[in-house]
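# Close look at the chain arrangement
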Amino acid sequence: MQGILYYSSTGNSLFIAKKVQESLGGKVMFLPKYKGDGSEFDKIILVTPIHSFGLPKQVYEFLPKLDKTKELIIIQNYGGMIGGADYFAYQYALKLGLNIKSVYVIKMPENFTLTFTVPKFYMNGVLRKSGKRIEKIIDMIKQEKFIIPKKRKTKEKTYLKNKNNWNLIAKRFKTNEKCVKCQKCVQICPAGNIFLQDGQIVFGDKCEACLSCYHRCPNKAIEYKNKKKKFRYINPNIDEKDIGKDF
Ligand SMILES: Cc1cc2nc3c(=O)[nH]c(=O)nc-3n(C[C@H](O)[C@H](O)[C@H](O)COP(=O)(O)O)c2cc1C
Ligand code: SF4
Ligand code: SF4
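None of these values were measured; they are calculated from a predicted model.

It is worth spelling out the domain arrangement of the protein at this point. Domains assigned within the protein are domain 1 (3–155) and domain 2 (160–224). On a C-alpha basis, the centroid separation for the pair domain 1 and domain 2 is 24 Å. Each partner contributes residues to the interface: domain 1 has 15 residues there, and domain 2 has 16 residues. For the pair domain 1 and domain 2, the summed buried area comes to about 1,500 Å², and 61% of that belongs to carbon and sulfur atoms. Considering only the surface of domain 1 that becomes buried against domain 2, Ser9, Lys57 and Leu114 emerge as the three largest contributors, covering 38% of it. Counting across the domain 1 and domain 2 interface gives zero salt bridges. The interface formed by domain 1 and domain 2 holds seven residue pairs in polar contact (both at pLDDT 80 or more) in total. A breakdown of the residues in the side of domain 1 that touches domain 2 according to their chemical character gives six nonpolar, eight polar and one charged.

What follows is the structure, given as C-alpha cells:
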C-alpha cells in the first residue's frame, strides 16, 4: 500500500490527497501527526503546499527522517509563484539521499492572504482549472511519467531566512472581541503554539506561519497587525473538520 502524507492549513493539499487516494488507493495521513518513517508503505506520495518558495517547516524537517529505500513522489501546490520550489524540493530530496522519483506542481487558491483579498471569481477560476491538472497528475503517476524539475534558480536563501522568521508571524496576531474562547485554534495549530491562559488566547514562539488559525477560526476573531480584513479561505470542496485527519 502507498502512504499519502499531506500537510495542509486550508484544505487544498487535503483535497488533492483525497483525489489521489480515490484513484490510486493508499492511506492518507496528516504529516504533523505522523510518527513513522514511511517504511511500512510501498511508496510515499507527499502532498504539500509551497511555503515561501520552499517547503512548510514541518515538511522540511520531516524529510530527513524518511526511509531512503521508498519511492518518493512530491505533489506541490501553490497560490501564485513557484519561484523554483519544485527544483529546490527535488534537490533537497536528492541531497538527503531519498529515492525521489518526481515532483509535480499544481496551482490552487492562494492562502497567504494576511494583507490582501483574493476576488471570488478569480478563486473559483483557479479551482475549476485545478480539477483537470489533478487528474493529469494522477494519470502521470499511474503511467510512471515522472517529472524531474529542470535546473533553475531557486530562492533558497529567501526561504531559509523566512523560515527562521515565521515564529514572528503569530506575535503579530491578536484576537478581537468576536473570540468566544472555543479553543478550536488551540486544537488545530500544528505547532502547538496557541494556549488559553488566564481566560485569554495567547500565541507562543513556535509559529510556523501555516495560517490555519487565522483562516479557520469560526468567528474570524484572529487579526494580523490589527488589520480588519474579512477575507478568509477554506477549500470549498472539503469539510473543514477533515483537515488534520487520516483517511
Ligand atoms: C507561509 C506561507 C507561504 C506561502 N508561500 C507561497 C509561495 O512562495 N508561493 C506561492 O505561490 N504560494 C505560497 N503560499 C500559498 C500556498 O502555497 C497555497 O495557497 C496552497 O495551496 C495552500 O495549501 P493548503 O490549503 O493545503 O495549506 C504560501 C502560503 C503560506 C501559508
Ligand atoms: S478559534 Fe477563534 S473564537 Fe475560538 S478560541 Fe480561537 S480565536 Fe477564539
Ligand atoms: S499559531 Fe497559527 S499560524 Fe502559527 S503555526 Fe499555529 S496555527 Fe499556524
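Moving on, we come to the pattern of salt bridges. Tallied over the entire structure, the rule returns nine salt bridges. In this structure, Arg152 and Asp86 form a salt bridge, with 2.3 Å as the shortest nitrogen-oxygen distance. You can see Arg152 sitting in the loop between α4 (120–142) and α5 (156–165) and its partner Asp86 sitting in helix α3 (residues 85–95), a full 66 residues away along the chain. Where Glu240 meets Lys184, a salt bridge forms, and the shortest distance between an N and an O atom there is 2.6 Å. With Glu240 in the segment after β9 (222–224) and Lys184 in helix α6 (residues 184–188), this pair connects stretches of sequence that are 56 residues apart. No difference in accessibility class separates Glu240 from Lys184, as the two residues are buried.

Parameters and conventions
- Residues numbered from 1 in each chain as written.
- Chains lettered and ligands numbered in written order.
- Predicted model: local features only at pLDDT ≥ 70, side-chain atom pairs only at ≥ 80, totals over all residues.
- Heavy atoms only, no water.
- Domains from an automatic or database assignment.
- Contact = heavy atoms within 4.5 Å.
- Buried area = accessible area lost by both parts, 1.4 Å probe.
- Salt bridge = Lys/Arg side-chain N within 4 Å of Asp/Glu carboxyl O.
- Polar contact = N/O pair within 3.5 Å; in protein donor to acceptor, adjacent residues only side chain to side chain.
- Nonpolar A, V, L, I, M, F, W, Y, C, P; charged D, E, K, R; others polar.
- Helix = DSSP H or I, 4+ residues; strand = E, 2+ residues; numbered from the N terminus.
- Buried < 20%, exposed > 50% of the residue type's maximum accessible area, 1.4 Å probe, protein only.

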